[in-house]
Amino acid sequence: MAKETLTITDNRTGKQYEIPVEEGGVIRAAALRDIKTSADDFGLMSYDPSFTNTASCRSRITYIDGDKGILRYRGYPIEELAEKSNYLEVAYLIVKGELPDRGHYAAWEGNIKTHTMIHENIKKFMEGFRYDAHPMGMLVSTIGALSTFYPEAAQITDLESRRLQTRRLIGKVPTLAAFAYRHTRGLPYVYPQNDLSYTGNFLSMLFRMAERDYQPNPVLEHALDVLFILHADHEQNCSANAMRSVGSSQVDPYSAVAAATAALYGPLHGGANEAVIRMLVEIGSPKNVPGFIKDVKAGKRRLMGFGHRVYKNYDPRAKIVKKIAYDVFKVTGLNPLIDISLELEKIALEDDYFVSRKLYPNVDFYTGVTYQAMGFPMTMFPVLFAIPRTSGWMAQWAEMVRDPEQKIARPRQVYVGEQTRRWTPLEQRPEPTMREDAVSDEI
Ligand code: CMC
């Protein structure tokens with residue numbers, strides 16, 4: 001029978017090493033340290049900028065097969081969850097590992113709703129932002145500020161404390177997000193209304209004006225709920241990695257979620273849906289699509305909402321969002337930008353540049369047009385991503401805290417800078433003091 005090992009010959013020394021192959025295709029990078037040229041040699045290490053081929057953890061939360069376009073939470077296909085479940089149930093599944101029974105679901109829903117209020121001082125803190133502050137910037141800051149209200153959250157090894165902070169965060173993030181939106185509009189904040197669903201309450205906190213009895217549109221409420229399910233977790237993406245990496249310092253989870261939210265803010269991650277709309281507006285009409293694609297192929301532009309580090313096939317979430325978009329348009333009227341999206345998708349999926357690089361629409365390609373039709377300004381798009389992703393971040397964080405193999409995250413580097421140099425006093429340094437390229441290194 002074939003052995004589950006890898007034999008490495010070090011041609012520098014002629015020595016052979018046998019390294020175990022685990023889980024059907026994983027080697028431990030630390031095993032390379034035994035490969036040395038002498039006793040005082042550091043040993044080999046692997047170089048993997050941006051972790052394109054390095055697993056940082058073992059996880060039981062989300063499974064992705066990027067080649068086949070498969071996404072499952074705790075073993076359940078995303079398509080089935082999007083069709084049959086609701087966001088709060090999926091959040092329970094992601095955080096706890098199992099679907100809840102009726103009793104546990106009722107308790108979970110009650111627990112989350114108990115924590116939708118925020119301290120009045122957080123409201124005052126929010127008021128301190130400029131009128132045109134980006135709501136994602138406000139969200140990052142206010143989530144971070146929550147840690148000062150719950151100092152006991154620093155007890156990260158205490159299971160009950162972890163559970164409480166998880167409920168608080170899932171409960172409070174929609175309130176912070178809605179307050180940030182109302183702030184940008186100069187509107188009074190709307191307090192949570194707990195007889196509404198999780199997404200219904202969020203819509204109420206966003207859009208309620210002077211109605212005595214605000215009732216969210218059920219189609220939009222359901223569409224937002226499905227979008228929340230699709231965004232709940234996505235294994236070791238940039239923000240989950242930030243959550244784990246910052247959390248590995250044993251900081252409280254509010255600070256780690258603030259860091260994860262900041263990671264999500266970037267245009268290559270959660271900010272991509274905003275970038276998609278800006279791109280569609282700039283293209284302006286389906287007739288301008290071929291010219292835009294030409295610029296993309298010439299390397300002058302990126303087709304935002306296309307491509308993914310893991311999916312080398314159609315992102316399964318994008319398929320669901322495309323359908324949801326049309327449900328929303330039935331209520332709101334068609335977003336005219338959809339015609340440009342469809343033309344971009346059609347041309348790109350037939351073009352060898354995109355086909356050969358396996359670039360397909362990702363989740364962000366159709367979310368922007370959907371959110372825009374629902375009345376959300378572009379600056380709210382990444383915020384709408386952060387709300388449901390909070391359950392994923394908390395599950396990733398709890399898994400990391402409980403994992404005995406995890407330590408403080410601390411990658412190695414390959415040092416390519418100067419070796420030891422002698423310091424000279426300022427007046428004795430020759431002009432110019434630094435090389436041009438050294439100056440640009442620092443910028
Ligand atoms: N438009 C044009 N070319 C692209 C694109 C794109 N959107 N994405 C990748 N490529 C090209 C890239 O230029 C490179 O070509 P070459 O081999 O000739 O140099 C090749 O495809 C591989 O790209 P990469 O940048 O090495 O791939 P990556 O895995 O580092 O990047 C990505 C993944 C998502 C950052 C990238 O595809 C991208 O920038 N997409 C647009 C932004 C976007 O939609 N982001 C949302 C991601 S999904 C939501 C989330 O998880 O947050």
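Model, not experiment: these values are computed from the prediction.

Draft legend 1. Structural context of empty space enclosed by the protein. Tallied over the full model, the rule gives one cavity of 30 Å³ or more. Counted as a void, the largest cavity has a volume near 40 Å³. The wall of the largest cavity is formed by Lys113, Thr116, Gly171, Pro174, Leu196, Ser197, Tyr198 and Asn201. Elements with a minimum of two residues in the lining of the largest cavity: α6 (159-185) and α7 (198-207).

Draft legend 2. Highlighting the sheet that holds strand β4 (residues 70-73). Taken in spatial order, the three strands of this open sheet run β3-β4-β5, and their pairing is antiparallel. In the strand order of this sheet, the two ends are held by β3 (62-65) and β5 (76-77), each with one partner. Bridge count between β3 and β4: four bridges; the pairing is antiparallel. Looking at β4, one finds that isoleucine 64 is bridged to leucine 71.

Draft legend 3. Geometry of the pairing of strand β1 (residues 5-10). Bridge analysis of β1 against strand β2 (residues 15-20) gives six bridges, and the strand direction is antiparallel. When the bridges of β2 are listed, isoleucine 8 appears paired with tyrosine 17. A loop of four residues connects β1 with β2, the two strands running antiparallel in sequence, and glycine 14 in this loop sits at a positive phi of about 80°.

Draft legend 4. Highlighting the site of the ligand. In the vicinity of the ligand, 18 residues are found, and the nearest of them are His269, Arg302, Leu303, Gly305 and Arg309. One of the side-chain N or O atoms of histidine 269 is found 2.5 Å from an oxygen atom in the ligand. Side-chain polar atom of arginine 357 to an oxygen atom of the ligand: 3.0 Å apart, as the coordinates give it.

Cut-offs applied
- Residues numbered from 1 in each chain as written.
- Predicted model: local features only at pLDDT ≥ 70, side-chain atom pairs only at ≥ 80, totals over all residues.
- Heavy atoms only, no water.
- 1 Å grid on protein atoms, 1.4 Å probe; cavity = no way out; pocket = protein on both sides within 12 Å on 5 of 7 lines; lining within 4 Å.
- Points joined across faces, edges and corners; volume = space filled by probe spheres on them.
- Helix = DSSP H or I, 4+ residues; strand = E, 2+ residues; numbered from the N terminus.
- Pairing = 2+ DSSP bridges.
- Near = heavy atom within 4 Å.
- Polar contact = N/O pair within 3.5 Å; in protein donor to acceptor, adjacent residues only side chain to side chain.

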